[in-house]
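Structural features, examined
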Amino acid sequence: MIADRMNKIDASGIRKVFDLAAKMKNPVNLSIGQPDFDVPDIVKNSACEAINAGFNKYTPTQGIPELREKVTAHLKNQNRLSNRDDDMTMITSGTSGGLLLSIMTLVNEGDEVMFADPYFVMYKHFVNLIGGKPVFIDTYPDFKLTAERVEKNITDKTKMLIVNSPSNPTAAVYPEKDLKEIAELCNKRGIWIISDEIYSSFAYDEKFASIFPFAEKGILLDGFSKSHAMTGWRVGYAVGNKNVIQEMCKLQQYTYVCAPSMAQKAAVNALGVDISGIVDSYRRKRDIVYESLKNKFELVKPGGAFYAFVKAPGGNATKFVEKAIANNLLIIPGSVFSERDTHFRISYAADDAVIKRGMEILNELI
Ligand code: PLP
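Scope of this entry: the structure provided in the associated data block. The shown structure was predicted, so the numbers you read here are calculated from the model rather than taken from an experiment.

1. So, the side chain of S46
Counting through the fold element by element, S46 comes out in helix 2 (residues 41–52). In terms of polar contacts, S46 uses its side chain to reach the backbone carbonyl oxygen of I42, at 2.5 Å. Those residues in contact with S46 that sit more than four places away from it in its chain are A266 and N269.

Here it is in structure tokens:
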């Protein structure tokens with residue numbers, strides 16, 4: 001009954017965690033990968049106004065012009081664009097939409113797609129689904145992505161490198177110098193770079209740097225899910241060479257059609273909202289987590305996003321997570337994001353009281 005390609009996606013790891021979680025009453029939940037603040041009022045009001053004004057129909061496939069212009073200006077302002085004048089911006093259905101469209105547009109069956117291990121789960125599944133081969137760049141124990149680590153994994157089948165900084169789940173933020181070296185290597189070898197910058201607003205210790213301006217063949221992906229807590233609104237964007245972006249638009253036309261109309265209208269105003277207070281509060285939450293765990297656990301200080309990726313005492317993450325769940329704390333085993341099962345992911349996108357209780361439980365488990 002079910003098509004063979006569905007066997008290429010294995011969601012059993014995360015399903016097991018959620019099955020266990022379903023039995024928990026009022027868990028201390030540090031598992032959720034989405035902001036705990038709400039969408040800014042001006043954005044909510046703009047969406048309501050758009051709906052009431054009848055802005056409810058299909059939009060152009062590539063997105064409404066005012067949002068495309070605003071996004072392009074915003075990225076330019078943040079020095080995240082290249083100097084090429086043949087680049088184009090399209091609006092996608094979330095950053096995931098941009099990921100699927102770009103992988104489907106560029107990767108042939110048998111092509112190899114590299115990314116850092118630990119990785120964001122969708123990369124592996126999307127690449128498998130379209131018949132590509134995921135190549136895992138081992139970044140343990142410091143979670144840095146360097147040109148040296150990338151180079152070791154290049155073969156004559158390599159088509160693409162996916163870069164995700166700040167990273168989910170490791171919270172690593174790659175310095176500009178490393179990104180430049182990686183881009184130079186990929187440029188020399190003709191490798192495409194997809195830069196997933198969805199956590200670009202959440203870099204706590206150093207300024208966020210994009211690899212996109214250095215990549216000769218690159219696509220920048222970002223969106224409003226994390227920066228403006230608009231996870232359910234499904235608005236993202238993709239920038240790259242217009243020939244490739246136009247192919248992605250062609251695919252969008254026959255799949256997602258367009259990003260939601262009212263959400264696009266509202267997103268125009270989202271880019272003007274000052275989110276620095278939120279970023280400061282997440283930096284503080286990061287500090288609570290790091291200071292609470294650093295003496296008893298092995299972890300790299302998280303540099304961005306809203307995660308900590310911590311070594312499981314005893315070395316078996318699934319076992320440790322089961323123990324945490326038995327003590328009412330919900331966290332995710334590293335095997336969901338990695339070919340290894342040695343670490344666990346904490347999301348600190350939660351209330352301070354919940355974070356503190358979670359840290360107490362973890363420290364009692366040792
Ligand atoms: N990329 C990364 C690294 C993520 O962590 C997520 C969401 O968790 C996404 C992409 C997808 O985000 P969106 O809601 O914009 O599709």
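2. Section: the packing of aromatic side chains
Under the counting rule described, the total for this entry stands at 19 aromatic pairs. On the numbers, 5.7 Å between centres and 80 degrees between planes, the contact of Y199 with Y307 is edge-to-face. With Y199 in the loop between strand 6 (192–196) and strand 7 (218–223) and Y307 in strand 9 (residues 307–311), this residue pair connects regions lying 108 residues apart in the sequence. Residue Y199 shares its accessibility class with Y307, and that shared class is buried. Positioned above the aromatic ring of F212, the side-chain terminus of R84 is 5.5 Å from the ring centre.

3. A look at the site of the ligand
Taken together, 13 residues sit near the ligand, with S96, D196, S225, K226 and R234 positioned nearest. At 2.8 Å, a side-chain N or O of N168 approaches an oxygen atom of the ligand. Contact distances for the ligand include 2.6 Å between a nitrogen atom and a side-chain N or O atom of D196. Among the cavities detected, the one that contains the ligand is the largest pocket. Broken down by element, the shell around the ligand gets its largest block of residues, three residues, from helix 4 (residues 94–106). In terms of residue class, the shell around the ligand is made up of four nonpolar, six polar and three charged.

4. Let's talk about the pairing of strand 9
Counting buried residues along strand 9, four of its five residues qualify, which places the element largely inside the surrounding structure. Judged from the five bridges that link them, strand 9 and strand 12 (residues 343–347) form a sheet pairing that is antiparallel. Bridge pairing links A308 to I346 in strand 12.

5. Notes on helix 9 (residues 261–270)
Where burial is concerned, most of helix 9 is hidden: seven out of the 10 residues are buried. Within helix 9 the residues assigned to the buried category are S261, A263, Q264, A266, A267, V268 and A270. Buried residues belonging to helix 9 abut helix 2, helix 3 (65–77) and strand 2 (87–92).

6. Observations concerning the sheet that holds strand 8 (residues 236–241)
Taken in spatial order, the seven strands make up an open sheet running 2-8-7-6-5-3-4, and their pairing is mixed. Every other strand in the sheet has two partners, leaving strand 2 and strand 4 (133–138) as the edge strands with one partner each. Going from strand to strand, the sheet's axes swing by 20 degrees on average, the running direction of each strand aside. As defined by bridge partners, strand 3 (residues 112–117) adjoins strand 5 (residues 158–164) across four bridges and the pair is classed as parallel. When the bridges of strand 5 are listed, E112 appears paired with T158.

7. Focus on empty space enclosed by the protein
For the structure on display, the rule yields one cavity of 30 Å³ or more. Estimated volume of the largest cavity: approximately 100 Å³. What lines the largest cavity is a set of 16 residues, and nearest its centre among them are A116, P118, N164, S167 and Y174. Element by element, the count of residues in the lining of the largest cavity is highest for strand 5, at three residues. Among the residues making up the lining of the largest cavity, the classes are represented as 11 nonpolar, five polar and no charged.

8. A few points about the environment of I193
Relative to the assigned elements, I193 resides in strand 6. Contacts of I193, omitting those with residues within four sequence positions, involve L161, V163, A183, C186, I211, A215, K217, G218 and I219.

9. Regarding the pairing of strand 6
Regular strands place their side chains on alternate faces of the sheet. Among the five residues that make up strand 6, five are buried, leaving the element largely enclosed by the rest of the structure. By the alternation rule, side chains of strand 6 split into W192, I194 and D196 and I193 and S195, which are all buried. Two strands pair when backbone bridges link them, and strand 5 and strand 6 are joined in this way by five bridges, in the parallel orientation. Across the sheet, N164 pairs through a bridge with D196, a residue of strand 6. Each parallel crossover has a hand, and the one from strand 5 via helix 7 (residues 176–189) to strand 6 is right-handed. Strand direction decides the pairing type here: strand 6 and strand 7, joined by four bridges, are parallel. Considered in strand 7, the bridge of I194 is made with I219.

What counts and how
- All chains use their own residue numbering, which begins from 1 and follows the written sequence.
- At least 70 in pLDDT is required for a residue's local features to be given in this predicted model, at least 80 for side-chain atom pairs to be given and counted, and no such filter applies to totals for whole chains, interfaces and linings, which use all residues.
- As a rule here, side-chain values cover all heavy atoms of the structure and leave hydrogens and water aside.
- Strands are runs of DSSP state E lasting at least 2 residues, helices are runs of H or I lasting at least 4, and numbering of each runs from the N terminus.
- In protein, a polar contact requires one atom able to donate a hydrogen and another able to accept it; more generally it is a pair of N or O atoms within 3.5 Å, and residues adjacent in sequence count only if both atoms are side-chain atoms.
- Contacts are residue-level and defined by heavy atoms, with any inter-residue pair within 4.5 Å sufficient.
- Centres within 6.5 Å are what make two rings of Phe, Tyr or Trp a pair, Trp counting through its six-membered ring; a difference in plane orientation under 30 degrees is then read as stacked, over 60 as edge-to-face, and the rest as tilted.
- Only protein chains enter the accessibility calculation, which uses a 1.4 Å probe; a residue is then buried when its area is under 20% of its type maximum, exposed when over 50%, and partly exposed in between.
- The rule for a charge over a ring is simple: NZ of Lys or CZ of Arg within 6 Å of the ring centre, and within 35 degrees of the ring normal.
- Any residue with a heavy atom lying within 4 Å of a molecule or strand is counted as near it.
- Grid spacing is 1 Å over the protein atoms alone, the probe is 1.4 Å, and a cavity is where that probe fits but cannot get out, while a pocket is an open set with protein on both sides within 12 Å along at least five of seven lines and lining residues have an atom within 4 Å of a point.
- In this scheme, a molecule is assigned to a cavity or pocket if more than half of its atoms are within 2 Å of the grid points.
- Gly falls in the polar group here, along with every residue not listed as nonpolar (Ala, Val, Leu, Ile, Met, Phe, Trp, Tyr, Cys, Pro) or charged (Asp, Glu, Lys, Arg).
- Note on pairing: DSSP must find at least two bridges between two strands before they are called paired.
- In this analysis an axis means a line fitted to C-alpha atoms, helices contributing only their contacting stretch, and an angle means the value between N-to-C directions, from 0 to 180 degrees.
- Grid points are joined across faces, edges and corners, and a volume is the space filled by probe spheres set on the points.
- Whether a crossover is right-handed depends on one test, that the path from the first strand over the helix to the second runs clockwise when the strands point away from the viewer.

That's the geometry; what it means functionally is another story.
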